Amino acid sequence: MSQELIQAVNKQVANWTVLYVKLHHYHWFVKGHHFFTLHEKFEEFYDEANEHIDVLAERLLSIGATPVSTMKECLELASVKEATGGENETEMVRETCNDFEKLIQELQEAMRLADDAGDEGTGDVLLSIHGSLQKHVWMLKAYLS
């Protein structure tokens with residue numbers, strides 16, 4: 001695995017780690033008419049984030065690389081930003097959608113790197129996450145419209 005691909009996968013670990021905390025924040029602090037729906041949806045999303053973190057980190061370990069594993073490392077490497085606090089329900093959904101779209105773009109680049117490196121295993125992991133995010137973005141945009 002190339003260093004560039006290792007860095008791209010580690011960025012995914014970092015992004016999903018920050019997103020895991022952010023989605024918990026949204027789950028705990030969402031208010032409004034859609035509380036029940038969004039409270040449950042954010043929990044689904046952070047459960048999925050947890051799975052992605054584990055799969056990505058274990059993929060790195062299985063190929064002899066080292067995943068980022070501290071919040072400091074994750075916050076420094078991630079392109080996803082922490083929740084700011086005080087977001088309303090619409091802002092929470094919009095921000096989640098924007099984060100997912102950012103991850104889709106980064107996953108596409110990482111999949112290209114995996115393909116260039118002939119690393120089908122890593123490519124498959126990334127493709128699975130990519131497909132899930134595309135569906136989430138479609139649903140979040142439908143919610144926002």
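Draft legend 1. Summary view of the overall build of the protein chain. Each helix and strand counted, the protein chain has five helices and zero strands in total. The C-alpha atoms of the protein chain give a radius of gyration of 15 Å, which matches the 15 Å a tight globule of 145 residues would have. Dimensions of the protein chain, computed from the C-alpha atoms along their principal axes, are close to 50 × 30 × 20 Å. When contacts within the protein chain are restricted to residue pairs at least 6 apart in sequence, those whose partners lie at least 24 apart make up 81%.

Draft legend 2. The environment of T122, seen in detail. Looking at the secondary structure, you find T122 in helix α5 (residues 120-144). On the accessibility criterion, T122 (1% relative accessible area) is buried. Each C-alpha atom, one on T122 and one on A110, is 9.0 Å from the other, the two residues being 12 residues apart in sequence. Filtering out sequence-adjacent residues up to four positions away, T122 remains in contact with M1, L5, V9, R59 and A114.

Draft legend 3. Region of interest: helix α1 (residues 3-29). Counted at 1.5 Å a residue, the expected span for α1 with its 27 residues is 39 Å, and the 39 Å between its end C-alpha atoms agrees. Counting buried positions over the 27 residues of α1 gives 19, a clear majority of the element.

Draft legend 4. Region of the structure containing the packing of aromatic side chains. Throughout the structure, instances matching the rule amount to five aromatic pairs. Ring plane angle 80 degrees and centroid distance 5.1 Å describe the contact between F45 and F100, whose orientation is recorded as edge-to-face. Remark: F100 occurs in helix α4 (residues 89-116) and F45 occurs in helix α2 (residues 35-62); sequence separation between them is 55 residues. With a relative accessible area of 4%, F45 lands in the buried category. The class for F100 is buried, based on a relative accessible area of 1%.

Draft legend 5. Broad picture of the pattern of salt bridges. Under the criterion given, the structure shown has nine salt bridges. A salt bridge links E44 to K41, with the shortest nitrogen-to-oxygen separation between them at 2.9 Å. A residue pair is termed a helical-turn pair when its members lie 3 or 4 positions apart in one helix, as E44 and K41 do in helix α2 at three residues. Counted as one network, the salt bridges with shared partners bring together K22, E95 and D99.

Rules used in this analysis
Residues numbered from 1 in each chain as written. Predicted model: local features only at pLDDT ≥ 70, side-chain atom pairs only at ≥ 80, totals over all residues. Heavy atoms only, no water. Helix = DSSP H or I, 4+ residues; strand = E, 2+ residues; numbered from the N terminus. Rg over C-alpha atoms; globule rule 2.2 N^0.38 Å. Contact = heavy atoms within 4.5 Å. Buried < 20%, exposed > 50% of the residue type's maximum accessible area, 1.4 Å probe, protein only. Expected span 1.5 Å × (residues − 1). Phe/Tyr/Trp six-rings, centres within 6.5 Å; stacked < 30°, edge-to-face > 60°. Salt bridge = Lys/Arg side-chain N within 4 Å of Asp/Glu carboxyl O.

What is shown is where atoms sit, not what they do.
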